[in-house]
Amino acid sequence: MSWCTIESDPGVFTELVEKFGASGCEFAELYSLDDAELAQLQPVFGLIFLFKWTGEKDDRPCCDEVPGLFFAKQVVSNACATQAILGCLL
């Protein structure tokens with residue numbers, strides 16, 4: 001099973017959440033995590049980090065011992081953008 005790929009573009013993300021019925025939300029690109037850069041975008045409800053997928057199996061343990069951290073392992077192809085967007089909205 002696979003989902004439709006969503007382009008990793010803040011404008012596409014913003015339009016999608018508006019179609020979900022969310023209002024007053026906007027996604028923007030960040031080029032730095034400096035306090036000054038984040039302060040310009042307040043309020044910030046979530047960050048989405050993009051990484052190139054390599055397809056290699058990673059046997060490292062994942063987040064089992066981090067108190068207060070929730071990790072949702074993706075089990076459906078191409079669902080990463082949708083999961084990230086929903087994580088920001090929730």
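Rules used throughout
- Residues numbered from 1 in each chain as written.
- Predicted model: local features only at pLDDT ≥ 70, side-chain atom pairs only at ≥ 80, totals over all residues.
- Heavy atoms only, no water.
- Salt bridge = Lys/Arg side-chain N within 4 Å of Asp/Glu carboxyl O.
- Helix = DSSP H or I, 4+ residues; strand = E, 2+ residues; numbered from the N terminus.
- Buried < 20%, exposed > 50% of the residue type's maximum accessible area, 1.4 Å probe, protein only.
- pLDDT = per-residue confidence, 0-100.
- Polar contact = N/O pair within 3.5 Å; in protein donor to acceptor, adjacent residues only side chain to side chain.
- Contact = heavy atoms within 4.5 Å.

## Remarks on the pattern of salt bridges
Alright, step 1. Scanning all chains against the criterion turns up 1 salt bridge.
Alright, step 2. Of the charged contacts, one joins Glu15 and Lys19 as a salt bridge, the two residues approaching to 3.5 Å between their closest N and O atoms. In this pair, Glu15 and Lys19 are both assigned in helix α1 (residues 10-20), 4 residues apart and thus about one turn of the helix distant.
Alright, step 3. According to the relative accessible area criterion, Glu15 is partly exposed, its value standing at 44%.
Alright, step 4. Residue class for Lys19 comes out exposed when judged on its relative accessible area of 66%.

## Let's talk about the confidence of the model for the protein
Alright, step 1. Across the protein, the average pLDDT comes to 81, with 87% of residues at 70 or higher.
Alright, step 2. Per-element mean pLDDT across the protein ranges from 83 in helix α3 (residues 80-89) up to 90 in α1.

## A closer look at the side chain of Thr14
Alright, step 1. By the secondary structure assignment, Thr14 is in helix α1.
Alright, step 2. At a separation of 2.9 Å, a polar atom in the side chain of Thr14 contacts the main-chain carbonyl oxygen of Pro10.
Alright, step 3. Look past the residues within four positions of Thr14 in its chain and what remains in contact with it is Cys25, Glu26 and Phe27.

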